[in-house]
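Structural overview for review
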Amino acid sequence: MPIYEYLCDTCDTRFEKIVINKQQEIACPKCAGEKATIQLSVFATANGGSAKSSAPSSGGGGSCCGGGCGCH
């Protein structure tokens, strides 16, 4: 079940709604208006980091003992 973001055409309130089927009626939680425009949603990834690394790489393996952490 996707979550969609909407903008109410009546009162300009932004809200989210879980949509079970496309025929489901969407109503604004603030004014109960039934005219809303679907918004472009942004999403997050769960990769735990960014593509760039600020630490220099020493090319030593994937653990602390590989020499990359500076403990040796």
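Residues numbered from 1 in each chain as written. Predicted model: local features only at pLDDT ≥ 70, side-chain atom pairs only at ≥ 80, totals over all residues. Heavy atoms only, no water.

1. Observations regarding the overall build of the protein chain
Within the protein chain, the regular secondary structure consists of zero helices and three strands. Secondary structure elements of the protein chain occur, N-terminal to C-terminal, as β-β-β. Counting only contacts in the protein chain whose residues sit at least 6 apart along the sequence, the fraction spanning at least 24 positions is 28%. (Helix = DSSP H or I, 4+ residues; strand = E, 2+ residues; numbered from the N terminus. Contact = heavy atoms within 4.5 Å.)

2. A closer look at the sheet that holds strand β3 (residues 36-38)
Strands sit in the order β2-β1-β3 across an open sheet of three strands; the sheet is antiparallel. Of all the strands in the sheet, just β2 (14-18) and β3 have a single pairing partner and so form its edges. Taken pair by pair, the neighbouring strands of this sheet meet at an average axis angle of 40°, ignoring direction. Sheet analysis places strand β1 (residues 3-8) next to β3, joined by three bridges and oriented antiparallel. What sits directly across from Cys 8, in β3, is Ala 36. (Pairing = 2+ DSSP bridges. Axes fitted to C-alpha atoms, helices over the stretch in contact; angles between N-to-C directions.)

3. Digging into the packing of aromatic side chains
Applying the stated rule across the entire model yields two aromatic pairs. Ring geometry for Tyr 6 versus Phe 15: centroids 5.6 Å apart, planes at 25°, classification stacked. Comparing Tyr 6 with Phe 15 shows no difference in burial state: the two are buried. The rings of Tyr 4, Tyr 6 and Phe 15 are connected pair by pair, giving a single aromatic cluster. (Phe/Tyr/Trp six-rings, centres within 6.5 Å; stacked < 30°, edge-to-face > 60°. Buried < 20%, exposed > 50% of the residue type's maximum accessible area, 1.4 Å probe, protein only.)

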